[in-house]
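Listed below are the residues making up each chain.
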Amino acid sequence: MQVLKFGGTSVGTAEAILRVIDIVSEKISKEPVIIVVSAFGGTTDALLQCGSLAAGGNELYKEHVGHITTRHLDAVRQLIPVQQQSSMLSAVKKLCNEVEDLCNGIFLLGETTARTKDKLVSYGELISSLVITAAFQAKSVPATWWDSRKLIRTNGEFGNATVDFALTNEQFSLELQSLSTPLVVMPGFIASDTEGITTTLGRGGSDYTAAIAAAAVKASSLEIWTDVSGMMTADPRWVLNARVIPAISYQEAMELSHFGAKVIYPPTIQPVMNLHIPVWIKNTFAPGDAGTVIQNESYRNGNPVRGISSISNLALLSLEGSGMVGVPGFSRRLFEALAAHQINVILITQGSSEHSICVGVDATAADKAKMAVDAAFAPEISLRKVEPLIVEKDLSIVALVGEQMKSHPGISGKMFGSLGRNGVNVRAIAQGSSERNISAVIATRDVRKAINLLHEEFFEKTYKQINLFITGVGNVGGRLLQQLAQQQQFLLQHMRLQLRVVGLANSKRYLINEEGIDLLSWKAAMDHGVEGNITSFTDDIIQRNLRNTVFVDVTASEEVARAYPKLLEKSIAVVACNKIACSSPYSYYRELKNKSHEFNTSFLFETNVGAGLPVIGTLNDLLKSGDRIHSIEAVLSGTLNFVFNNYDGSRPFAEVVRQAQDEGYTEPDPRLDLSGVDVMRKIMILARETGEHLEMESISNNSFLPASCMNGSVDDFYNEMLKQEAHFRSIFDAAAANGCKLKFVATYNEGKASVGLQQIAPGHDLYHLYGKDNIVLFKTDRYPLQPLVIKGAGAGADVTASGVFADILRATLN
Ligand SMILES: NC(=O)C1=CN([C@@H]2O[C@H](COP(=O)(O)OP(=O)(O)OC[C@H]3O[C@@H](n4cnc5c(N)ncnc54)[C@H](O)[C@@H]3O)[C@@H](O)[C@H]2O)C=CC1
Ligand SMILES: N[C@@H](CC=O)C(=O)O
């Protein structure tokens, strides 16, 4: 014999009931079947509402009873041919009249008891099971209706009665003896006490009814038919890639169902587990799907984690005090105080110092718990041996569940590492010695992010999702978006990285799409962005709290550079080609470095020096591996190298500078390049990376630009350069006369940095440097005579964007 249970959604409409009939008809051709049905979806709540309206003196309950009646009568009309309808219509009407009578009584009394409520809600399952029995019969499927109230006997704890299994099993065997049809239909959820008064088995109790029946008749299997295709690796409303678990042990299923996987009512497992009856979770709306089987053995598929679950609305209660250390009885008194007020403890942790004990309870019970515990420990609190109970709310539990976790070291390391890297603070941890469950208490606002992270870490072989927020969509930013668009598919296929641009901002507005902005039409989409600035953009990023988030600064804005600390503090990685942060006063540069370290997230700015060239990375590799820098000599301005490589007096100097700007080598404000300030910033950043506390003021700048060029606007700058043509010509001629080239050189030696224009003779390391190239020469302990040389394009949107791209990838691998 098989037992099948159909939940409220599976019997919510006449159409759904016809599916049930199809499923069951196929089953009974093989072996006899008992089906346990819930009330039509929503009916239990509707009945409870009638009761509370009536108890509150609100006559609207009559209208609600009317709706319930109509719904059930309609189902009869749709499921049963007209000629056979009348007896079922009058049976339903009679039961609905009883509901109304009961509500009238409640209305008159102005109150309702647990016993009356049980009676009231029992009508949902009673009526649905009778209608479904008749529907089978109308389809010529012989079916017997069994009254669960006569079979399942409980104590008198209304609302959540305890089953007397011995008596119940006996009733089932008696009933089985006279069974003459291949099919039995039973109402779920309801039972009766020793005096025959209706009781219920707790919300979701229809699963339990089915398990009790399966155990009583020693069924070959129990099938729970619902509206999902099995137990999932995580809640699919939160984790898009959650998938069905094909097989799971009873113990794992109990852990997962206790921890919020609503697919199965937790007590269901116990009766069938004792008899090793397999439980299948199947989907009424996709009966062909394999579903999940819950069985004795833990299924080994190479992944020790079976599922991820969570409990929301948790409060953490901490009892602390020096008077607790080494004194027996504190925990007993704490638990007794909670138990005396029917407060259920969900999680317990205690450090070996015994200085504190911490328990998790449902947040709705937190205030009651505080009163109870403070009263229980009043003498110790008054003597300051124990502190008043500390209550923290807005917390949740996320838990990894898996029978095989016990034989696998490193799972909790992976779990907490992944949460930590993403700024999810763990408030308490619990792991039983069975190691079947590792629970972490975290802020409720972090739950979605945490579950997705853990799912990615333990289940997704497919990809890791990276959420990018890019600010600044100009020259370099625009090219970065092109490169990302071009490479997205490759990264997905070859590196299992799903790089999504979730946010884009310019100086006036921003756009966020958590599904990822289409990189082929971002310009048009930007027009529909919201008006905002860097503060509202970064607030929005933080509030969304997405996992694996990288903020990319492709502006030259000080305002944007000021936003990094608040992002790093939330473990959001920052990638910047904007040089302002790292060339601000040393204290700010240090603060950012410290925050990146403290919050275990990346702060990367390789493109600050040499654009896409690996200058900072190489320097750090040398330092980390124990080398010592003696000196740095470098040409670090793509713009100036381009200008001096292209200026020979045949056209105005200003015109060559304009060309450098048009080709995208200059800063948004080209005066920073021509004045040498950009190069000062770069050599300072390199010096700082070696550990030097250098400031801009201590760098000497032998500028070749007449001071008058720096007055006024950028247009004034170009006009003034035209006027100063003779000056530029004379510099060029002097170098040419010596057979030299002009290079704007930066040096760092023995803690001192300087920048300035130099005549470079043939044979010098810097002589053969063409176009917009940069060159950096490091002399170190290991490269004392022949320097380590890095050379190549040092400016331009494409190379800079690719350097930023590489930093983004580094940040994601942190
Ligand atoms: N061009 C190059 O070769 C290299 C450039 N860089 C750096 O790249 C950065 C960007 O350079 P480009 O793309 O050439 O400049 P750009 O002027 O073309 O683009 C910067 C963009 O940032 C936007 N912006 C300014 N303030 C903003 C704010 N508060 N919020 C949001 N967006 C804002 C501007 O509207 C503009 O669209 C600069 O910091 C530059 O130093 C670094 C290495 C090489
Ligand atoms: N404007 C800069 C670009 C790179 O930082 C330069 O010309 O080098």
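As the structure is a computational prediction, the values presented were derived from the model and not from experiment.

Undergrad: Would you take a moment to explain the domain arrangement of the protein chain for this structure?
TA: Accessible area lost on assembly of the parts is the figure often given for the size of an interface. Taken domain by domain, the protein chain holds domain 1 (2-226), domain 2 (307-455), domain 3 (464-608) and domain 4 (615-795). The straight-line distance from the C-alpha centre of domain 2 to that of domain 3 is 36 Å. Counting residues at the interface gives nine residues for domain 2, matched by eight residues for domain 3. Sorting the residues of the side of domain 2 that touches domain 3 by element identifies helix H14 (411-421) and helix H15 (447-458) as the ones contributing at least two each. The dominant element in the side of domain 2 that touches domain 3, judged by the number of residues it contributes, is H15, at three residues. For the side of domain 2 that touches domain 3, a count of residues per class yields one nonpolar, four polar and four charged.

Undergrad: What's the story with the sheet that holds strand E16 (residues 437-443) in this structure? I'm lost.
TA: Sheet strands pair via backbone hydrogen bonds, and the direction of the pair is either parallel or antiparallel. Ordered by their spatial adjacency, six strands build an open sheet running E12-E13-E11-E14-E16-E15, and the pairing between neighbours is antiparallel. Because the sheet does not close on itself, it has two edges, and the strands there are strand E12 (345-350) and strand E15 (428-431). The average undirected angle you get between the axes of adjacent strands in this sheet is 30°. Both E15 and E16 contribute to a ladder of four bridges, which runs antiparallel. Across the sheet, Ala-430 pairs through a bridge with Ser-439, a residue of E16. Against the sheet, helix H12 (residues 366-376) makes contact with strand E11 (307-320), strand E13 (356-362) and strand E14 (390-401), and its axis sits at roughly 30° relative to E11, the strand it touches most.

Undergrad: So what exactly am I meant to see when it comes to unusual backbone geometry here?
TA: Comment: phi is negative for the bulk of residues other than glycine, and the bulk of peptide bonds are trans. The backbone of Asn-545 shows a phi angle near 55°, a positive value even though the residue is not glycine. Mapped onto the secondary structure, Asn-545 falls in the loop between helix H18 (534-544) and strand E21 (549-553). Looking at Asn-545, the number of C-beta atoms within 10 Å reads 19, which means it is partly exposed. Here Asn-600, not a glycine, exhibits a phi torsion of approximately 55°, which is positive. Within the secondary structure layout, Asn-600 lies in the loop between helix H21 (586-598) and strand E23 (603-604).

Undergrad: Looking at this structure, how should I read the sheet that holds strand E8 (residues 247-249)?
TA: Strand order in this open sheet of eight strands is E3-E4-E2-E1-E7-E9-E10-E8, and the pairing throughout is mixed. Only two strands of the sheet have a single partner each, and these edge strands are strand E3 (143-145) and E8. Between one strand axis and the next, the sheet turns by 20° as a mean value, whatever way the strands run. Pairing between E3 and strand E4 (residues 183-187): three bridges, direction parallel. By the bridge assignment for E4, Thr-144 is matched with Val-184.

Undergrad: Can you help me understand the pairing of strand E17 (residues 464-471) in this one?
TA: For a regular strand, side-chain orientation follows a simple rule: the groups alternate between the two sheet faces. Most of E17 is tucked away: seven of the eight residues are buried. Pairing of E17 with strand E18 (residues 497-505) involves eight bridges; the strand directions are parallel. Bridge pairing links Leu-468 to Val-501 in E18. For the segment spanning E17, helix H16 (residues 475-495) and E18, crossover handedness is right-handed. Where E17 meets E21, five bridges bridge the pair, whose relative direction is parallel. Looking across to E21, one finds that Phe-469 is bridged to Phe-551.

Procedures and definitions
- Residues numbered from 1 in each chain as written.
- Chains lettered and ligands numbered in written order.
- Predicted model: local features only at pLDDT ≥ 70, side-chain atom pairs only at ≥ 80, totals over all residues.
- Domains from an automatic or database assignment.
- Contact = placed C-beta atoms within 7 Å.
- Helix = DSSP H or I, 4+ residues; strand = E, 2+ residues; numbered from the N terminus.
- Nonpolar A, V, L, I, M, F, W, Y, C, P; charged D, E, K, R; others polar.
- Pairing = 2+ DSSP bridges.
- Axes fitted to C-alpha atoms, helices over the stretch in contact; angles between N-to-C directions.
- Buried ≥ 20, exposed ≤ 12 C-beta atoms within 10 Å, placed from the backbone.
- Right-handed = clockwise from strand over helix to strand, strands pointing away.

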